[in-house]
Amino acid sequence: MIDIILVAIFCYQLYRMTRERGISPLPYILNYLAAFFLMIFALGFALFSFYGPDILKSEEGVKSAIMFEPFAIMFEVFLFIYFRKRIQKSPVSSNYDNDFNPPSPPTKEKKDLSYFR
C-alpha cells in the first residue's frame, strides 16, 4: 500500500517539476510508472520462483515477502531521484506569449543587371 502512495506522490512531483521547466511531463511519468511496474513484476516473479506459489498462504511466507519491501521502496526513491536529475538537467523553456517578436522580412538581394549595359 505504501508503494502506491509513494508512486502517486512521486508522479505528482515529476509533473510539477516538468511544468515548472516548461517541458512535457508525459514521458517522465510514463517511464517512471513503467519502471515501477517492471520492478514489481520482477520482484513478484523472483519471490514466486524462490519460495513457490504458496508464499502468501502462510505467515512465514508473508514475512519473507515483506522482507523485500524495503528494497522496492528504495528502488522507487532512487528512480525518482534519477528522473528528478534528468528534469533538472533539461533546458528551461520559456514560452511567454507577451514576448512575441515578429520575424524580420526576408531581404531580397538585388540582381546583377550589368550584362544589359
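Conventions we followed
Residues numbered from 1 in each chain as written. Predicted model: local features only at pLDDT ≥ 70, side-chain atom pairs only at ≥ 80, totals over all residues. Heavy atoms only, no water. Helix = DSSP H or I, 4+ residues; strand = E, 2+ residues; numbered from the N terminus. Rg over C-alpha atoms; globule rule 2.2 N^0.38 Å. Buried < 20%, exposed > 50% of the residue type's maximum accessible area, 1.4 Å probe, protein only. Phe/Tyr/Trp six-rings, centres within 6.5 Å; stacked < 30°, edge-to-face > 60°. Salt bridge = Lys/Arg side-chain N within 4 Å of Asp/Glu carboxyl O. Expected span 1.5 Å × (residues − 1). Contact = heavy atoms within 4.5 Å.

**Thoughts on the overall build of the protein chain**
Here comes step 1: Counting its secondary structure elements, the protein chain contains four helices and zero strands.
Here comes step 2: Starting at the N terminus, the α and β elements of the protein chain follow one another as α-α-α-α.
Here comes step 3: Its C-alpha atoms give the protein chain a radius of gyration of 27 Å, clearly above 13 Å, the size a compact globule of 117 residues would have.
Here comes step 4: C-alpha extents for the protein chain along the principal axes are approximately 105 × 35 × 15 Å.
Here comes step 5: Buried residues in the protein chain amount to 25% of all 117 residues.

**Here we look at the packing of aromatic side chains**
Here comes step 1: According to the stated counting rule, one finds six aromatic pairs in the structure shown.
Here comes step 2: Arranged with centres 6.3 Å apart and planes meeting at 90°, the rings of Phe-10 and Tyr-32 form a pair that is edge-to-face. With Phe-10 in helix H1 (residues 2-21) and Tyr-32 in helix H2 (residues 26-51), the pair connects residues that are 22 residues apart, well separated along the chain. For the pair Phe-10 and Tyr-32, one class covers both residues: buried.
Here comes step 3: Three or more aromatic residues link up through ring pairs in this structure, and these residues are Phe-10, Tyr-32, Phe-80, Tyr-82 and Phe-83.

**So, the pattern of salt bridges**
Here comes step 1: Taken as a whole and assessed by the stated rule, the structure comprises three salt bridges.
Here comes step 2: Residue Lys-57 pairs with Asp-54 through a salt bridge whose shortest N-O separation is 3.7 Å.
Here comes step 3: The exposure class of Asp-54 is partly exposed, given its relative accessible area of 46%.

**A short note on H2**
An α-helical segment advances 3.6 residues per turn. Residues three or four places apart therefore align on the same side.
Here comes step 1: Over its 26 residues, H2 extends 37 Å from the first C-alpha to the last, a length consistent with the 38 Å expected when each residue adds 1.5 Å.
Here comes step 2: All buried positions along H2 are accounted for by Tyr-28, Ile-29, Tyr-32, Ala-35, Phe-36, Met-39 and Leu-47.
Here comes step 3: On its buried face, H2 is in contact with H1, helix H3 (59-66) and helix H4 (69-89).
Here comes step 4: A positive backbone phi angle near 90° is found at Gly-52, which sits one or two residues after H2.

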